[in-house]
Amino acid sequence: MIGISDGEFRLFQQFILNAAGITLSDAKKALVCGRLEKRLHAHSLNSYRDYLSLITSASHKAEQQIAIDLLTTNETYFFREPKHFNLLARCASECPASRLFRVWSAASSSGEEAYSMAMTLADCRPHGEWEIFGSDISTRVLEKARRGHYPMERAKNISPDFLKRFCLKGTGPQAGTLLVTRELRERVRFGQINLNEALPNIGEFDVIFLRNVMIYFSNDTKRQIVSRIVGCLRRGGYLCIGHSESLNGICDTLQATAPSIYRKP
């Protein structure tokens, strides 16, 4: 195992702060070491300082993206924090069928959140127009999301009805996995977005999930990100954040309607 010094770790803390606005606590030293060590071996490097020099050079942009992917990926699962999906179903049901109902999974990771949204909307809005956009800074997890292929243990919160209607159970070599149906996969669009930068023109949304990601940002970065997000939220639309997160002192333009749920007046 290649050890990482305190000085090298501080350099990576600054690297990911600059690249993604994410603050890595000192407790994440082992995580950095564990996730990046294989990349050192891949390039026959003996120190993390040498790897940092490599990924910050202009000729290794692809490797820089790999490093960002490895340091920002978080595990998720289907229908995490169910009350947000209950809210989504209610909002979608109340929206006129003739109007396009748009939802954004703003830190979609490997796609379970976005597909949970899709199952919800396919169920409660079968004759209405709807669209889901999932984004993440990591290109690696976005490729996983587009495939829609997951270990079955990720599906513990999918109802038997949804599992039957929207997922294909793997057999043979694929046993123990599920594949989101093609029909549903084609209704979800994924794209790379760095929330720490100016957002591209993605339009307005009725509901936005920005969950379990702000815990990695400083308060100043949170304010900037939430301000950008709110700019993409329709009047009357809802922003859902993680249960362990809060917008207190971060945003005063949204109204709290329940813990972790905010509405744009």
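Residues numbered from 1 in each chain as written. Predicted model: local features only at pLDDT ≥ 70, side-chain atom pairs only at ≥ 80, totals over all residues. Heavy atoms only, no water.

- Where an unreviewed UniProt entry is consulted, the protein chain appears under the name Chemotaxis protein methyltransferase, with the organism given as Viridibacterium curvum.
- You can read under Catalytic activity (unreviewed entry) in the UniProt record for the protein chain the words "L-glutamyl-[protein] + S-adenosyl-L-methionine = [protein]-L-glutamate 5-O-methyl ester + S-adenosyl-L-homocysteine".
- Comment text from UniProt for the protein chain, heading Function (unreviewed entry), reads "Methylation of the membrane-bound methyl-accepting chemotaxis proteins (MCP) to form gamma-glutamyl methyl ester residues in MCP." (UniProt positions renumbered as here; feature names shortened; annotations may be inferred.)

## Examining the overall build of the protein chain
Here is step 1 of the chain: Looking only at helices and strands, the protein chain has 10 helices and 10 strands in total.
Here is step 2 of the chain: For 265 residues, the compact-globule estimate of 2.2 N^0.38 gives 18 Å, and the protein chain sits close to it at 20 Å.
Here is step 3 of the chain: Counting only C-alpha atoms, the protein chain reaches 60 × 55 × 30 Å along its principal axes.
Here is step 4 of the chain: Buried positions account for 52% of the 265 residues belonging to the protein chain. (Helix = DSSP H or I, 4+ residues; strand = E, 2+ residues; numbered from the N terminus. Rg over C-alpha atoms; globule rule 2.2 N^0.38 Å. Buried < 20%, exposed > 50% of the residue type's maximum accessible area, 1.4 Å probe, protein only.)

## A look at the packing of helix α1 (residues 6-20) against helix α4 (residues 61-72)
Here is step 1 of the chain: With their axes 11 Å apart at the nearest point, α1 and α4 run at an angle of 95 degrees to one another. Judged by the inter-axis angle, α1 sits roughly perpendicular to α4. Contacts between α1 and α4 involve Phe12, Phe15, Ile16, Ala19 and Ala20 from the former and Gln64, Ala67, Ile68, Leu71 and Thr72 from the latter.
Here is step 2 of the chain: Across the contact of α1 with α4, the residue classes break down as 8 nonpolar, 2 polar and no charged. (Axes fitted to C-alpha atoms, helices over the stretch in contact; angles between N-to-C directions. Parallel < 35°, antiparallel > 145°, perpendicular 65-115°, else oblique. Contact = heavy atoms within 4.5 Å. Nonpolar A, V, L, I, M, F, W, Y, C, P; charged D, E, K, R; others polar.)

## A word on the pairing of strand β2 (residues 130-136)
Here is step 1 of the chain: Most of β2 is tucked away, with 6 of its 7 residues classed as buried.
Here is step 2 of the chain: Pairing of β2 with strand β6 (residues 188-192) involves 5 bridges; the strand directions are parallel. Paired with serine 135 across the bridge in β6 is glycine 191. (Pairing = 2+ DSSP bridges.)

## Let's talk about the pattern of salt bridges
Here is step 1 of the chain: One pass over the full model with this rule turns up 13 salt bridges.
Here is step 2 of the chain: The closest approach of N and O atoms between glutamate 81 and arginine 211, which form a salt bridge, is 3.9 Å. Residue glutamate 81 is found in the loop between α4 and α5 (82-94), and its partner arginine 211 is found in the loop between β7 (205-210) and α10 (219-230); the two are separated by 130 residues along the sequence.
Here is step 3 of the chain: Given the relative accessible area of 5%, arginine 211 is considered buried.
Here is step 4 of the chain: The partner of glutamate 94 in a salt bridge is arginine 90, with the nearest N and O atoms 3.7 Å apart. Of the two residues, glutamate 94 and arginine 90 both sit in helix α5, 4 residues apart, roughly one turn of that helix.
Here is step 5 of the chain: Note on arginine 90: relative accessible area 37%, which makes it partly exposed. (Salt bridge = Lys/Arg side-chain N within 4 Å of Asp/Glu carboxyl O.)

## Brief notes about the nonpolar core
Here is step 1 of the chain: Among the nonpolar cores identified, the biggest contains 51 residues, and Phe12, Trp104, Leu210 and Leu247 are the most heavily contacted of them.
Here is step 2 of the chain: Looking at this core, the elements that each hand over two or more residues are α1, α2 (29-42), α3 (48-55), α4, β7, α10 and β8 (233-241).
Here is step 3 of the chain: Per-element accounting of this core gives the leading share, 6 residues, to α1.
Here is step 4 of the chain: Core analysis: the second largest hydrophobic core is formed by 37 residues, Cys91, Val103, Tyr115 and Met117 among them. (Core = buried A, V, L, I, M, F, W, Y, C linked by side-chain atoms within 4.5 Å.)

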